[in-house]
Amino acid sequence: MPGKSTITVHADREIHPSRAVAPPIYQTATFWAEDGETFAQGAVEPRGKDFYTRFGNPNHAQVAAVVAELEGTEAAMVTASGMAALTTAALALVSAGDHVIGQKSTYGGTGSVLLNLLPRLGVSTTLVDQTDPEAFAEALTPNTRLILVESPSNPLLQITDLRAVADLARAHDVLTMADNTFATPLNQRPADLGIDLVWHSATKYLNGHSDVSAGVIAGPAELLNRIWDVGLLTGATLGPIDAWLLLRGIRTLPLRVPRHNANGQALAEVLQEHPAVAKVHYPGLATHPQHKLAADQMSGFGGVLGIEFTGGFEMADAFLGRLRYSLRSASLGGVESLAVHPASMWRGMLTEDQIAESVPLGLVRLAAGSEDTADLVADALAAADAVHTTEARA
């Protein structure tokens, strides 16, 4: 099997091959057919690439081919965003009367789907402490159809035992779906651990340049065909130019991820020793309570860390204002470092009570980019020194 860098450059070579070294952008809403039989076949072909762009597009198919090979799955499909990937899959896989298990520590949008959207559609949900594999077993009901996991979790970087969850689910004929956005297929492949479906906010590391909103789902073709059917109805279609940009970003994923890993590790190690910091959440730290599990199922620990400050929200906000290289902005996974206060960012998705139950108010999520490690470390330490000095004077 070729290496991951080779996969990202060549796995899509046979998708609409041409003599162009850089793939063309198929900026078209529709495609013509040579005859009626070809047209009729295109109208029913799952995840097609040359009938109508809502059904599929060559640029979609190119991204899907690369992601499927990176994740070690049979197939993949793209959507307009990571949330489109999740909601389309959920609508395809569960119905009124079914039950879904999720995590207490998870991205705010995922939490809102579990707490607010699915219950409105007659689907019951249970959120568990994902650090305890037994919690998933205890939450199972005869109506459980899907388990949604995220590891590492956003923004507390908690680890889910993916193999244990997959084994449990398979024994009870329950589907599993893992958010692999933080880890990327370079650091972790959930399908290798038995997870059925893997999804990404491809806006983040897969694209890597903060200029695309996109989602990807990877897994068995039969399941993806069911999700694709619903995607036709919801219209969660990725534009051809965005798909082309996503593919261009994926080409350099194996070059970028090691730098993100190194920068995240370096920042976590220096900040955990700083007097202004109460706690650093990062699975690469030996002090992380799940470090061994993370090391068992991950080959790298990513560029995202959660930083809790001794001075709560005020100190966290002041720290963000002092950073020079880490921009105060939503998202992550780009070449530039970004930092954000999750409790503020998620106010549009969760109630104040739901936020308080899932994320500390004094937590900063710092996503290390690909800048020089020494510069990011010096910048973070200078900001931490400044807020610590201000608090001491107060």
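Here, residues in each chain are numbered from 1, in the same order as that chain's written sequence. In view of the model being predicted, local features appear only for residues whose pLDDT reaches at least 70, and side-chain atom pairs are presented and counted only at 80 or more, with totals across whole chains, interfaces and linings using the full set of residues. To get the side-chain values, take all heavy atoms of the structure and skip hydrogens and water.

Within an unreviewed UniProt entry, the label attached to the chain reads Trans-sulfuration enzyme family protein, and the organism entered is Streptomyces coerulescens. UniProt positions are given in the numbering used here, feature names are shortened, and annotations may be inferred rather than shown by experiment. Quoted verbatim from the Cofactor (unreviewed entry) field of the UniProt record, the comment on the chain reads "pyridoxal 5'-phosphate". As recorded by UniProt, the Sequence similarities (unreviewed entry) comment attached to the chain reads in full: "Belongs to the trans-sulfuration enzymes family."

Q: Sorry if this is basic, but what is going on with the packing of aromatic side chains here?
A: Aromatic ring pairs are described here by two measures, namely the spacing of the ring centres and the angle between the planes. Working definition: a ring pair exists when centres of Phe, Tyr or Trp rings (six-membered ring for Trp) sit within 6.5 Å. Plane angles under 30 degrees give stacked, over 60 give edge-to-face, the rest tilted. Counted under the stated rule, the structure contains five aromatic pairs. Relative to Phe55, the ring of Tyr52 lies with its centre 6.2 Å away and its plane at 80°, an arrangement referred to as edge-to-face. To sort residues, take the accessible area from a 1.4 Å probe on protein chains only and compare it with the maximum for the residue type: under 20% means buried, over 50% means exposed, and anything in between is partly exposed. Residue Tyr52 is classed as partly exposed on the basis of its relative accessible area, which comes to 34%. Plain terms: the ring middles of Phe309 and Phe319 are 4.7 Å apart, the flat faces sit at 45° to each other, and that makes the pair tilted. Of this pair, Phe309 sits in strand β9 (residues 304-309) while Phe319 sits in helix α13 (residues 312-322), and the two are ten residues apart along the sequence. Comparing Phe309 with Phe319, the two get one shared label, buried. Aromatic ring contacts, followed pair by pair, group Phe39, Phe51, Tyr52, Phe55 and Trp228 into a single cluster. Strands here are runs of E lasting at least two residues and helices are runs of H or I lasting at least four, both read from the DSSP assignment and numbered beginning at the N terminus.

Q: Is there a simple way to think about the layout of surface pockets in this case?
A: Both cavities and pockets are sets of points on a 1 Å grid over the protein atoms alone; in a cavity a 1.4 Å probe fits but cannot get out, in a pocket the set is open with protein on both sides within 12 Å along at least five of seven lines, and lining residues sit with an atom within 4 Å of a point. Grid points are joined across faces, edges and corners, and a volume is the space filled by probe spheres set on the points. Roughly 390 Å³ of volume is contained in the largest pocket. Elements with a minimum of two residues in the lining of the largest pocket: α3 (58-71), β1 (75-79) and α9 (221-234). Classification convention: Asp, Glu, Lys, Arg as charged; Ala, Val, Leu, Ile, Met, Phe, Trp, Tyr, Cys, Pro as nonpolar; all other residues, Gly among them, as polar. Taken together, the residues that form the lining of the largest pocket break down as 15 nonpolar, eight polar and five charged. Size it by volume and the second largest pocket reaches roughly 310 Å³. Lining the second largest pocket are 15 residues, with Arg13, Ser18, Ala20, Val21 and Pro23 positioned closest to its centre. Looking at the lining of the second largest pocket, its residues break down into eight nonpolar, four polar and three charged.

Q: Just checking my understanding: could you explain the sheet that holds strand β12 (residues 363-367) for this structure?
A: Sheets are built from strands that pair by backbone hydrogen bonding, the pairs being arranged parallel or antiparallel. Taking strand neighbours across the sheet as the criterion, the five strands line up as β8-β9-β12-β11-β10 in an open arrangement whose pairing is mixed. In this open sheet, the two strands that pair with only one neighbour each are β8 (277-281) and β10 (327-328). Of the strand pairs in this sheet, β8 and β9 are connected by four bridges, and their pairing is antiparallel. The residue of β9 that forms the bridge with His281 is Gly306. Against the sheet, helix α11 (residues 253-271) touches β8, β9 and β12, its axis set at about 15° to β9. For this analysis, residues touch if any pair of their heavy atoms sits within 4.5 Å. Inter-axis angles, ranging from 0 to 180 degrees, are taken between N-to-C directions of lines fitted to C-alpha atoms, where helices are fitted over the stretch in contact. On the sheet, α13 packs against β9, β10, β11 (338-340) and β12 and is oriented at approximately 130° with respect to β9. When DSSP finds two or more bridges between two strands, those strands count as paired.

Q: Even after reading the chapter, I still don't get the nonpolar core, so can you show me in this structure?
A: If you look at soluble globular proteins, the nonpolar side chains tend to sit buried side by side. We call a set of buried residues a nonpolar core when its members are Ala, Val, Leu, Ile, Met, Phe, Trp, Tyr or Cys and they connect through side-chain atoms within 4.5 Å of each other. Leu267, Val280, Leu305, Ile307, Phe309 and Phe319 are the most contacted members of the largest nonpolar core, which totals 32 residues. Among the elements of the structure, α11, β8, β9, α13, β12 and α16 (373-393) are those that each provide at least two residues to this core. When residues in this core are grouped by element, the largest group, six residues, is from α16. Each residue touching Ile307, except ones within four places of it in the same chain, is listed here: Leu271, Val277, Lys279, Phe319, Gly362, Leu363, Val364 and Leu366. Listed in part, the 30 residues of the second largest apolar core include Val67, Ala68, Phe182 and Ala218.

Q: When you look at helix α10 (residues 240-250) in this model, what are you seeing that I'm missing?
A: Since there are 3.6 residues in each turn of an α-helix, residues three or four apart along the chain are aligned in direction. Listed as buried for α10 are Pro240, Ala243, Leu245, Leu246, Leu247, Gly249 and Ile250. On its buried face, α10 sits against α1 (4-10), α3, β7 (215-219) and α11.

Q: So what exactly am I meant to see when it comes to the environment of Ala135 here?
A: Relative to the helices and strands, Ala135 resides in helix α6 (residues 133-139). Considered as a pair, Ala135 and Gly321 are 186 residues apart in the sequence and their alpha carbons are 39 Å apart. Not counting residues within four places of it along the chain, the set of residues in contact with Ala135 comprises Val128 and Asp129.

Q: Where do I start with the sheet that holds β7 in this structure?
A: Pairing in this open sheet of seven strands is mixed, and the strands run β1-β7-β6-β5-β4-β2-β3 from one edge to the other. Unpaired on one side and paired on the other, β1 and β3 (124-128) mark the two borders of the sheet. Here the average twist between neighbouring strands, direction ignored, is 20°. Here four bridges tie strand β6 (residues 197-201) to β7, and the two strands are oriented antiparallel to one another. Note that in β7 the partner of Val198 across the bridge is Ala218.

Q: It is not clear to me how unusual backbone geometry should be interpreted in this structure. Could you clarify?
A: Excluding glycine, residues mostly have negative phi values, and the peptide bonds linking residues are mostly trans. In this chain, Ser151 is followed by Pro152 through a cis amide linkage whose omega measures -5°. Note on placement: Pro152 falls in the loop between β4 (144-150) and α7 (162-171). For the bond from Asn154 to Pro155, the omega torsion is 10°, close enough to zero to count as cis. Checked against the element boundaries, Pro155 lands in the loop between β4 and α7. Notably, Ser210 is not glycine yet its phi reads approximately 55°, a positive angle. Tracing the backbone shows Ser210 in the loop between β6 and β7.

Q: It is not clear to me how the environment of Thr28 should be interpreted in this structure. Could you clarify?
A: Within the secondary structure layout, Thr28 lies in the loop between α1 and α2 (36-42). Note on Thr28: relative accessible area 27%, which makes it partly exposed. Through-space distance from the C-alpha of Thr28 to that of Asn57 is 8.5 Å; in sequence the pair is 29 residues apart. Leave out the neighbours within four places in its chain, and Thr28 touches Thr53, Asn57 and Pro240. At 2.7 Å, the side chain of Thr28 forms a polar contact with the backbone oxygen of Thr30. We call two N or O atoms a polar contact when they sit within 3.5 Å, provided that within protein one can donate a hydrogen and the other can accept it, with sequence-adjacent residues counted only if both atoms are side-chain atoms.

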